[in-house]
Amino acid sequence: MTADLVSPCRGCQMSRTPCRFGADDFVALSETAARVRLACPAAFEGGPRVAHGGWTAAVFDDVLGRFLVHTGVKSVTATLTVDYLLPVPVEQPLEIHLEIAAREGRRNHLTGVLRLQGSDRDLAVARGVWVELRPGHFERHQARMAELGT
Ligand SMILES: CCCCC/C=C\C/C=C\C/C=C\C/C=C\CCCC(=O)SCCNC(=O)CCNC(=O)[C@H](O)C(C)(C)COP(=O)(O)OP(=O)(O)OC[C@H]1O[C@@H](n2cnc3c(N)ncnc32)[C@H](O)[C@@H]1OP(=O)(O)O
């Protein structure tokens, strides 16, 4: 696999909008590694000129999951841990490096680091497990919802 663009999530595909988290410049570098260039939109400011921690967690969840789907593994996030090491500035060039660290049966272990572009200092580090979907995952979800009358 050469450097190729990773597709947006379903919501952004359906609404034909740019990535709402700002993660459009997203390329796969190999079958197990990828790079995202992005900036935290001002709308996700949590403190003065600082990103809301929820944006950081959401963008990791989004890009790690998107990359795994890009490699052909339909999966959902089972765990996600974020270490917040330094404040993340809004509207500044950032970069995420991510990789598929290990695959064990249906479990996929992914990691990501968020830095300012051109810096080697980690601002945040994410680790998580994505579980490959069994056939019928969303149909079982719909059936559970129907049982609840929703
Ligand atoms: C939002 C859905 C995204 C779906 C993506 C797929 C296709 C879409 C196509 C295009 C879209 C483009 C890109 C997608 C972009 C972004 C993705 C965002 C990612 C998300 O935003 S996603 C939403 C949040 N997420 C959930 O909505 C999960 C809710 N949850 C469950 O639906 C079940 O909980 C599930 C399925 C996780 C497991 O259920 P299950 O019955 O299938 O499997 P089971 O329990 O047998 O576990 C099998 C093996 O996983 C291990 N395992 C299970 N849970 C674990 C845990 N917590 N920690 C560590 N290991 C765990 C077991 O230990 C066993 O391991 P082993 O096989 O080695 O024994």
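Residues numbered from 1 in each chain as written. Predicted model: local features only at pLDDT ≥ 70, side-chain atom pairs only at ≥ 80, totals over all residues. Heavy atoms only, no water.

Where an unreviewed UniProt entry is consulted, the chain appears under the name Acyl-coenzyme A thioesterase THEM4, with the organism given as Brevundimonas bullata. Its UniProt record gives the chain the following Sequence similarities (unreviewed entry) comment, quoted word for word: "Belongs to the THEM4/THEM5 thioesterase family." (UniProt positions renumbered as here; feature names shortened; annotations may be inferred.)

Peer 1: Any chance you could explain the overall build of the chain here in plain terms?
Peer 2: Tallying secondary structure elements over the chain gives 3 helices and 9 strands in all. Listing every helix and strand of the chain by position from the N terminus yields β-α-β-β-β-β-α-β-β-β-β-α. Over its C-alpha trace the chain gives a radius of gyration of 16 Å, about what one expects of a compact globule, namely 15 Å for 150 residues. Seen through its principal axes, the chain has C-alpha atoms that stretch 45 × 35 × 30 Å. Here the chain holds 150 residues, and the buried ones make up 31% of them. Long-range pairs, those at least 24 residues apart, make up 63% of the contacts in the chain between residues at least 6 apart in sequence. Approximately 8,500 Å² of the chain is accessible, and the part contributed by carbon and sulfur atoms is 54%. Distance from the positive charge centre (17 side chains) to the negative charge centre (17 side chains) of the chain: 5 Å. (Helix = DSSP H or I, 4+ residues; strand = E, 2+ residues; numbered from the N terminus. Rg over C-alpha atoms; globule rule 2.2 N^0.38 Å. Buried < 20%, exposed > 50% of the residue type's maximum accessible area, 1.4 Å probe, protein only. Contact = heavy atoms within 4.5 Å. Areas by Shrake-Rupley, 256 points an atom, 1.4 Å probe, with all protein chains shown as cover. Lys, Arg positive; Asp, Glu negative; His and termini not counted. Charge placed at Lys NZ, Arg CZ, Asp CG, Glu CD.)

Peer 1: Which parts of the structure should I look at to understand the site of the ligand?
Peer 2: The immediate surroundings of the ligand are formed by 17 residues, with Asp-61, Thr-77, Arg-106, Arg-107 and Arg-134 found nearest. A distance of 3.0 Å separates an oxygen atom of the ligand from a polar atom in the side chain of Asp-61. Burial of the ligand by the protein chains amounts to 55% of its free accessible area of 1,300 Å². Take the shell around the ligand: its biggest share by element is 5 residues, from strand S6 (residues 75-84). (Near = heavy atom within 4 Å. Polar contact = N/O pair within 3.5 Å; in protein donor to acceptor, adjacent residues only side chain to side chain.)

Peer 1: I keep staring at the sheet that holds strand S2 (residues 25-28) and nothing clicks. Help me out?
Peer 2: Backbone hydrogen bonds hold the strands of a sheet together, and the pairing may be parallel or antiparallel. Spatially, the 7 strands line up as an open sheet ordered S1-S2-S3-S7-S8-S9-S6, and their pairing is antiparallel. Among the strands making up the open sheet, the edge pair consists of strand S1 (4-5) and S6. Pairing geometry for S1 and S2, over 2 bridges, is antiparallel. If you follow Leu-5 over to S2, its bridge partner there is Val-27. Packed onto the sheet, helix H2 (residues 53-70) meets S1, S2, strand S3 (33-38), S6, strand S7 (94-104), strand S8 (107-116) and strand S9 (124-132) and runs at close to 140 degrees relative to S6. (Pairing = 2+ DSSP bridges. Axes fitted to C-alpha atoms, helices over the stretch in contact; angles between N-to-C directions.)

Peer 1: Just checking my understanding: could you explain the UniProt feature "domain: Thioesterase" (unreviewed entry) in the chain for this structure?
Peer 2: UniProt tags residues 50-102 as "domain: Thioesterase" (unreviewed entry). Structurally, residues 50-102 comprises 34% helix and 40% strand, and the distance from its first C-alpha atom to its last is 32 Å.

Peer 1: Sorry, what's going on with the environment of Pro-135 here?
Peer 2: Mapped onto the elements of the fold, Pro-135 is located in the loop between S9 and helix H3 (137-147). Remark: the alpha-carbon pair of Pro-135 and Ala-102, spanning 33 residues in sequence, is separated by 22 Å.

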